[in-house]
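Structural features, examined
Take a look at the letters that make up each chain.
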Amino acid sequence: GDLTRTISVEAEGEVAELKDNINAMVKSLRESVQASQDQDWLKSNLANIGSMLQGHRDLEVVAELIMEELAPLMDAQHGTFFLSVQWSGETQLRLIAGYGLSADKDAPVQYRIGQSLIGQVAKSKRPIVIEEVPPGYIKISSGLGEASPSNLAVMPILYQDQVLGVVELASFAKFTPIKLAFLEQLAESLGISVNAIISNSRTDAIPEQSHRLT
């Protein structure tokens, strides 16, 4: 049952062929088991985050919960959650939650559609993954020091082709294919959840508006 081992003896003829066949079988089994484990990890974490968000009606609380759960799952050391808002007659993306943000990020941060990678993802409605982040692009800091991440993933949160927000994650390690697939599927489910919260908040506002008019 140990799929990390292979046969490495020197052999010729039928024994060499048998060795190669066994090694090929072990490799195939190892890949199959890993793929199954990856899918189990993806599905279970999607379900966990989905159940975690149930019952919440405050978008900022939901965004904080998402970042607290998502960043460790993705092995990310820095993350931001931007929400689409209407400001002076145009759609902008406002920072409402983060993970590992530096002290100078306490002030409100907003981007217009098409501005920076955050705005570009909102404009194109497609994710951007960068595997070699330029030095100095961003710093991940702790009490002991700081360093630049090497990988960046920026994903749009969509609902019926409408951009509701953008999630950005930075990591020292490369994002694996299964983690990027997880992030993409999560973005779809987040679109449904975020849209439901927005719709509920609008519904809750109707009685209050009617009361004020009365």
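Notes on the structure in this doc start here. No experiment lies behind these values; they were computed from the predicted model shown. (Residues numbered from 1 in each chain as written. Predicted model: local features only at pLDDT ≥ 70, side-chain atom pairs only at ≥ 80, totals over all residues. Heavy atoms only, no water.)

1. Points about the pattern of salt bridges
For clarity, the cut-off: By definition here, a salt bridge exists when the distance from a side-chain nitrogen of Lys or Arg to a carboxyl oxygen of Asp or Glu is within 4 Å. Each helix is a run of H or I in the DSSP string that is no shorter than four residues. Each strand is a run of E no shorter than two, and both are numbered from the N terminus. Only protein chains enter the accessibility calculation, which uses a 1.4 Å probe; a residue is then buried when its area is under 20% of its type maximum, exposed when over 50%, and partly exposed in between.
Within this structure, the stated rule accounts for four salt bridges. Between Arg94 and Glu60 there is a salt bridge whose closest N-O contact spans 3.8 Å. Of the two residues, Arg94 sits in strand E2 (residues 90-99) while Glu60 sits in helix H2 (residues 59-73), which places them 34 residues apart along the sequence. Judged by its relative accessible area of 27%, Arg94 is partly exposed. Note on Glu60: relative accessible area 40%, which makes it partly exposed.

2. Concerning the packing of aromatic side chains
Spelled out, the test is: Any Phe, Tyr or Trp ring, taking Trp's six-membered ring, that has another such ring centre within 6.5 Å forms a pair; planes under 30 degrees apart are called stacked, those over 60 apart edge-to-face, and the others tilted.
Enumeration according to the criterion identifies two aromatic pairs in this entry. Ring centres of Phe82 and Tyr111 lie 5.6 Å apart, and the angle between their planes is 50°; this geometry places the pair in the tilted category. With a gap of 29 residues between them, Phe82 in strand E1 (residues 78-87) and Tyr111 in strand E3 (residues 110-112) connect regions that are remote in the sequence. Under the relative-accessibility criterion, Phe82 is labelled buried at 3%. A residue is classified by how much of its surface remains accessible, and Tyr111, at 26% relative accessible area, is partly exposed.

3. Concerning the sheet that holds E3
For the record, the criterion: At least two bridges found by DSSP between two strands is the condition for calling them paired. Fitting a line to C-alpha atoms yields each axis, with helices limited to the stretch in contact; the angle taken between N-to-C directions then spans 0 to 180 degrees. Contact criterion: two residues are considered in contact whenever any of their non-hydrogen atoms come within 4.5 Å of each other.
Spatial strand order, E3-E2-E1-E8-E7-E4: six strands in an open sheet with antiparallel pairing. Both edges of this open sheet fall to E3 and strand E4 (128-130), since each of them pairs with a single strand only. Adjacent strand axes in the sheet meet at a mean angle of 20°, parallel and antiparallel pairs treated alike. Relative to strand E7 (residues 151-159), E4 runs antiparallel, the two sharing three bridges. Along E7, the bridge assignment pairs Ile128 with Val154. Sheet strands touched by H2: E1, E2 and strand E8 (162-171). Its angle to E2, the strand with the most contacts, is close to 55°. Against the sheet, helix H3 (residues 116-124) engages E1, E2, E3, E4, E7 and E8, with an angle of about 40° to E7.

4. Thoughts on H3
Formally: As used here, the arc belongs to the directions running from the helix axis to the C-beta atoms. Any pair of N or O atoms that falls within 3.5 Å is considered a polar contact. Within protein, one atom must be able to donate a hydrogen and the other to accept it, and sequence-neighbouring residues count only if both atoms are side-chain atoms.
Within the span of H3, buried status applies to Ile118, Gly119, Val121 and Ala122. Angular distribution of buried residues about the axis of H3 spans 160°; they occupy a single face of the element. Among the structural elements, E1, E2, E3, E4, E7 and E8 are those in contact with the buried residues of H3. Capping of H3 at its N-terminal end is provided by Ser116; its side-chain oxygen lies 3.2 Å from the backbone amide nitrogen of Ile118. Of the residues flanking the end of H3, it is Lys125, one or two places downstream, whose phi is positive at about 60°.

5. A short note on unusual backbone geometry
Phi is positive for Asp75, which is not a glycine, with a value near 55°. In this model, Asp161 sits at a positive phi of 65°, which is unusual for a non-glycine residue. In this structure, Asp161 sits in the loop between E7 and E8.

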